[in-house]
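In case you want the letters, here they are:
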Amino acid sequence: MKMVSRTDIGKVRQVNEDRATIQPELGGLSLAIVADGMGGHQAGDIASQMAIDMIQQQLQLIHRGMSVEACKQVLKEAIENANEKIYEFASGQENYHGMGTTVVAIIASQELLIIGHIGDSRAYKITDDAITQLTEDHSLVYELVKNGQITIEEADHHPRRNWITRALGTEPGVEVDLYEYPWRPGDTILICSDGLSGLVDSSDIMGIVKSHAKLEDAAEQLIARALDEGGDDNVTVILLAHDQDSDEKRGDEN
């Protein structure tokens, strides 16, 4: 399995509050995490880094021999424990009150994806002929879409599209969305912060990924497109591919 991670501060922000990590080998599985922090006084980058570090550390004992349900439970507990620790840290220091972060964590085998998710960072699956959003945003505009008040197209340009309704670390407890999806050779998985998905349409994302033979080139072009579209936020992407073509053509692993 090939994995690439890229991030950029963007054109407006003074601090990059996004964090990401990839671990291609984890007990016969692979791990990828993106976190997009929020909060003043550099609190956002602290929250996202804490989330990445704690979740990754707590997942080090997972392995391919575990059942899907066991992997889901370990992932859920890792995210919940990170939430508790971040909330305790923020509550004890005035400058960090209210800090939090989104998170998308994926445990991948060659056949299956297990996803834990909070916030509006996203995971997509890109196949030969489609791009599918695998996570459901926890945001104000997505609630408006579900209630039929606005359309998906309107949501992408809504002035409050960055208002999230659920985050890691802002409350003592948090509900973690867990997903399970099959994937197969030829598929590519994208995890990104809203610095990409908020500026670049999904069809354009798909086109960029499909038009580059190397994952590294695709990731860098996704970042470049977000910057071209204004770059008003930090932008982070992780790409995963596991087919034979990726081993032969997409030789860059970062």
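Residues numbered from 1 in each chain as written. Predicted model: local features only at pLDDT ≥ 70, side-chain atom pairs only at ≥ 80, totals over all residues. Heavy atoms only, no water.

An unreviewed UniProt entry lists the protein under the name Stp1/IreP family PP2C-type Ser/Thr phosphatase, from Paenibacillus alba.

Asker: Can you walk me through the packing of aromatic side chains in this structure?
Answerer: Each aromatic ring pair is characterised by the separation of its centres together with the angle its planes make. One pass over the full model with this rule turns up two aromatic pairs. Aromatic side chains phenylalanine 89 and tyrosine 96 sit 5.4 Å apart centroid to centroid with 20 degrees between the ring planes, which places their arrangement in the stacked category. Classification of phenylalanine 89 as partly exposed rests on a relative accessible area of 28%. Judged by its relative accessible area of 17%, tyrosine 96 is buried. An angle of 15 degrees between the planes, with centres 6.0 Å apart, marks the rings of tyrosine 179 and tyrosine 181 as stacked. On the basis of relative accessibility, which here comes to 23%, the residue tyrosine 181 falls in the partly exposed class. (Phe/Tyr/Trp six-rings, centres within 6.5 Å; stacked < 30°, edge-to-face > 60°. Buried < 20%, exposed > 50% of the residue type's maximum accessible area, 1.4 Å probe, protein only.)

Asker: For this particular structure, what's the right way to read the pairing of strand S5 (residues 103-108)?
Answerer: Side-chain positions along a regular strand alternate between the two faces of the sheet. Summarising burial for S5: six of the six residues are buried, a large majority. Burial of the side chains of S5 extends over both faces: Val103, Ala105 and Ile107 are buried on one face and Val104, Ile106 and Ala108 on the other. Taken together, the five bridges between strand S3 (residues 29-38) and S5 define a ladder with antiparallel strand orientation. Its bridge partner lying in S5, alanine 32 is registered against isoleucine 106. Of the strand pairs in this sheet, S5 and strand S6 (residues 112-118) are connected by six bridges, and their pairing is antiparallel. Bridging from a neighbouring strand, isoleucine 107 pairs with isoleucine 114 of S6. Linking S5 to S6, which pair antiparallel, is a turn of three residues. (Helix = DSSP H or I, 4+ residues; strand = E, 2+ residues; numbered from the N terminus. Pairing = 2+ DSSP bridges.)

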